[in-house]
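Topology and contacts: notes
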Amino acid sequence: MLRKVNNRRTLSDNLKLGILTACAAGMVNVTSVIVFFSFTSNVTGHYAILAQEVSKGNWYQAGVVFLWIFLFFFGNFMSNLMIINFSGNRKYLGHALPIIVEIICLSYTGLYLEFAYAETLKETELLVAILLFAMGLQNGLTASISNYSVKTTHLTGLTTDLGIIFSLFTRKEYRADKMLKNKAGLLLAIMFSYMIGGVFAGSVFLMVNNYVFFFVCSVLSVVILYDYSVSRIQAKRLLKYSLKLKFRDTDKIESLQRKRSA
Amino acid sequence: MRISLIVFGIFILCLIIYQALKFHGNDPEKLLIGNWQEVSRSYAKIDDPKKSLIGWLDVIEGKINDEANKNIIVHDTETWRISSKGQLALEKESGHEHLAWKLKGRGHILELAYNNSLSEYYSIQEISDDKMVLYYNTDLQVRGIVKMVFEKIKGEEHAQKGKQ
């Protein structure tokens, strides 16, 4: 899921990554709207709010929204910086690091909300900033390793692409195009995962409150551990196979030596 | 090295812009603190469905209003006394009531929490040294059901400060 990049990625890799990260983004966004009255997985609305606050002359609010947008940008920046600076054997680490930092951010937010949150405006501004940074990290990672085909924190571009693809499907020659069908399937999977994540978080929040952030962390942990566990299984199989070959060869050599000596 | 310095410079510049904007603006929490006299209150108007060509739309709007009104606690308040410790005293003809207040979002949502753990949310449409405009905020995607306009009681505030 995280190991392969760009054209080496299969549809299955993109589907797994898209479904899990979109689910996480949906959960974070809905929870932040419930707790902070602010969206944290997309910035289009924040640009509009920034423009509105500037036009009203509300410089304090404009500053806060500017910081939020900047931190989303900075999350994307940091994510790609980690990816391009870890290569060779450390490539997997480079791809897992943005998710690890994201998990730290989300855990901190969950713990702070549960044990220290006094509901002051400063705390709210800071926690929203942390969540936007975390979502920036996730978006930067998924977009970067999937050659921009998986973006899971906001659905504007996805809805646009779906509209275009479905209009193409009105013609028979495009309906037969396997690549287009795969793309539509991927986009629909991301869209539904985001929705399911949001509905789940909204329902579960009533029961577990701020611990919902730990559900998000567990989903993201699957993203990291999936490749790790798959590679371990593959390594074990390879070792077994090579040992088998080795023993088979030694048996052959021994029998040849016996024949020669005889 | 040069690129790293540029990136670091951009990061610092953004933080400076953020600080400058915040320094130049007014903290909504500070603006909110004081005594506010309610000067007007207007409710969303529902047109007569009989007079309208698309009357069914008004019926739907009426239903949305009913749904939203279920959660409204009607205030007969005259004055809101908002303290810096998160306390709000409602002064009305029938007596006093004490609530807790919090600001959410970027300082644009005012939450009033009652002792019975019930909360109300208001969108702060406008807030300045002497005027505050609030809209009752509901979960539904409808325009403000109730618009409340407040004016700051300046004299009393000075008197209170003098006493302190």
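Everything here concerns the structure above.
Okay, so let's go over this structure. These numbers were taken from a predicted model, which means no experiment stands behind them.

With that settled, the discussion passes to the overall build of chain A. A tally of helices and strands in chain A yields 9 helices and 0 strands. Secondary structure elements of chain A occur, N-terminal to C-terminal, as α-α-α-α-α-α-α-α-α. Expressed as a percentage of its 262 residues, the buried residues of chain A come to 45%. For chain A, contacts bridging at least 24 residues in sequence account for 71% of all contacts bridging at least 6. As presented, chain A carries roughly 13700 Å² of accessible surface, and 66% of it is formed by carbon and sulfur atoms.

Here the focus is the pattern of salt bridges. Considering all chains together, one arrives at 11 salt bridges over all chains under this definition. A salt bridge links E119 of chain A to K102 of chain B; its shortest N-O distance comes to 3.5 Å. Separated into two different chains, E119 of chain A in the loop between α4 (91-115) and α5 (121-145) and K102 of chain B in strand β4 (residues 95-104) make up a pair that spans both. In this structure, E173 of chain A engages R171 of chain A in a salt bridge whose closest nitrogen and oxygen atoms are separated by 3.2 Å. Each of the salt bridges in this network shares a partner with another, and the network as a whole consists of E119 of chain A together with K102, K104 and E111 of chain B.

Axis separation between helix α1 (residues 11-36) of chain A and helix α8 (residues 178-208) of chain A bottoms out at 7 Å; the angle between their running directions is 35 degrees. The interaxial crossing formed by α1 of chain A with α8 of chain A has right-handed handedness.

Right, let's talk about the interface of chain A and chain B for a bit. Between chain A and chain B, the residue contacts involve 27 residues of the former and 26 residues of the latter. Carbon and sulfur atoms supply 68% of the area that chain A and chain B bury against each other, a total of about 2400 Å² over both sides. Three residues, F37, Y60 and L121 of chain A, lead the burial of chain A against chain B; their summed loss comes to 28% of the area buried on that side. Put simply, K122 of chain A and D27 of chain B hold a salt bridge, and the shortest N to O gap is 3.1 Å. Where chain A touches chain B, the interface holds 8 residue pairs in polar contact (both at pLDDT 80 or more).

Once that is clear, we can look at α1 of chain A. The terminal C-alpha atoms of α1 of chain A, which comprises 26 residues, lie 36 Å apart, in line with the 38 Å expected from a rise of 1.5 Å per residue. Positive phi appears at F37 of chain A, one or two residues downstream of α1 of chain A, with a value of about 60 degrees.

Formed by 96 residues in total, the largest nonpolar core has its most connected members in L106 of chain A together with W80 and L110 of chain B. At 14 residues, the largest contribution of residues to this core is made by helix α3 (residues 59-85) of chain A. Each of two domains, domain 1 (1-26) and domain 2 (33-163) of chain B, supplies a minimum of three residues to this core. With residues near it in sequence (within four places) discarded, L110 of chain B still touches L32, W80, W101, K102, L103, E120, Y121, Y122, I124 and L134 of chain B.

Time to look at the packing of aromatic side chains. For the coordinates displayed, the defined rule picks out 16 aromatic pairs over all chains. Pairing F37 of chain A with Y121 of chain B gives two aromatic rings, centres 4.8 Å apart and planes at 40 degrees, and the pair type is tilted. Remark: Y121 of chain B occurs in strand β6 (residues 119-127) and F37 of chain A occurs in the loop between α1 and α2 (44-56); the pair is interchain, linking two chains. Residue F37 of chain A is classed as partly exposed on the basis of its relative accessible area, which comes to 22%. Centre to centre, the rings of W80 of chain B and F150 of chain B are 4.5 Å apart; their planes meet at 50 degrees, and the pair counts as tilted. One end of the pair, W80 of chain B, is in strand β2 (residues 77-82); the other, F150 of chain B, is in strand β8 (residues 146-152), with 70 residues separating them in the sequence. Each of the two residues, W80 of chain B as well as F150 of chain B, counts as buried.

Our next topic: the side chain of T79 of chain B. Residues and elements named next belong to chain B. Mapped onto the elements, T79 comes out in strand β2. T79 gets classed as buried once you look at its relative accessible area, which sits at 6%. Side chain to side chain, T79 and Q37 meet in a polar contact 3.4 Å long. Here T79 is in contact with W36, Q37, A89, L90, E91 and I153, once residues within four sequence places are set aside.

Turning next to α4 of chain A. What sets the pattern is the α-helix's 3.6 residues per turn: residues three or four places apart point alike. Spanning 25 residues, α4 of chain A covers 37 Å between terminal C-alpha atoms, matching the ideal 36 Å at 1.5 Å per step. At L97 of chain A, α4 of chain A is bent by approximately 30 degrees, the largest bend along its length, and proline P98 of chain A sits one to four residues beyond.

We now examine unusual backbone geometry. Residue and element names in this part refer to chain A. Phi is positive for N147, which is not a glycine, with a value near 60 degrees. In this structure, N147 sits in the loop between α5 and α6 (156-168). With relative accessibility at 41%, the residue N147 sits in the partly exposed group. Unlike most non-glycine residues, Y148 shows phi in positive territory, near 65 degrees.

The next point concerns the pairing of β8 of chain B. Residues and elements named next belong to chain B. Within β8, 5 of the 7 residues are buried, which leaves it mostly tucked inside the rest of the structure. As paired strands, strand β1 (residues 34-43) and β8 are joined by 7 bridges and run antiparallel to one another. Along β8, the bridge assignment pairs S42 with K147.

What counts, and at which threshold
- Residues numbered from 1 in each chain as written.
- Chains lettered and ligands numbered in written order.
- Predicted model: local features only at pLDDT ≥ 70, side-chain atom pairs only at ≥ 80, totals over all residues.
- Heavy atoms only, no water.
- Helix = DSSP H or I, 4+ residues; strand = E, 2+ residues; numbered from the N terminus.
- Buried < 20%, exposed > 50% of the residue type's maximum accessible area, 1.4 Å probe, protein only.
- Contact = heavy atoms within 4.5 Å.
- Areas by Shrake-Rupley, 256 points an atom, 1.4 Å probe, with all protein chains shown as cover.
- Salt bridge = Lys/Arg side-chain N within 4 Å of Asp/Glu carboxyl O.
- Axes fitted to C-alpha atoms, helices over the stretch in contact; angles between N-to-C directions.
- Left-handed = near helix turned anticlockwise from the far one by under 90°.
- Buried area = accessible area lost by both parts, 1.4 Å probe.
- Polar contact = N/O pair within 3.5 Å; in protein donor to acceptor, adjacent residues only side chain to side chain.
- Expected span 1.5 Å × (residues − 1).
- Core = buried A, V, L, I, M, F, W, Y, C linked by side-chain atoms within 4.5 Å.
- Domains from an automatic or database assignment.
- Phe/Tyr/Trp six-rings, centres within 6.5 Å; stacked < 30°, edge-to-face > 60°.
- Bend = angle between axes of the 7 residues up to and from the residue.
- Pairing = 2+ DSSP bridges.

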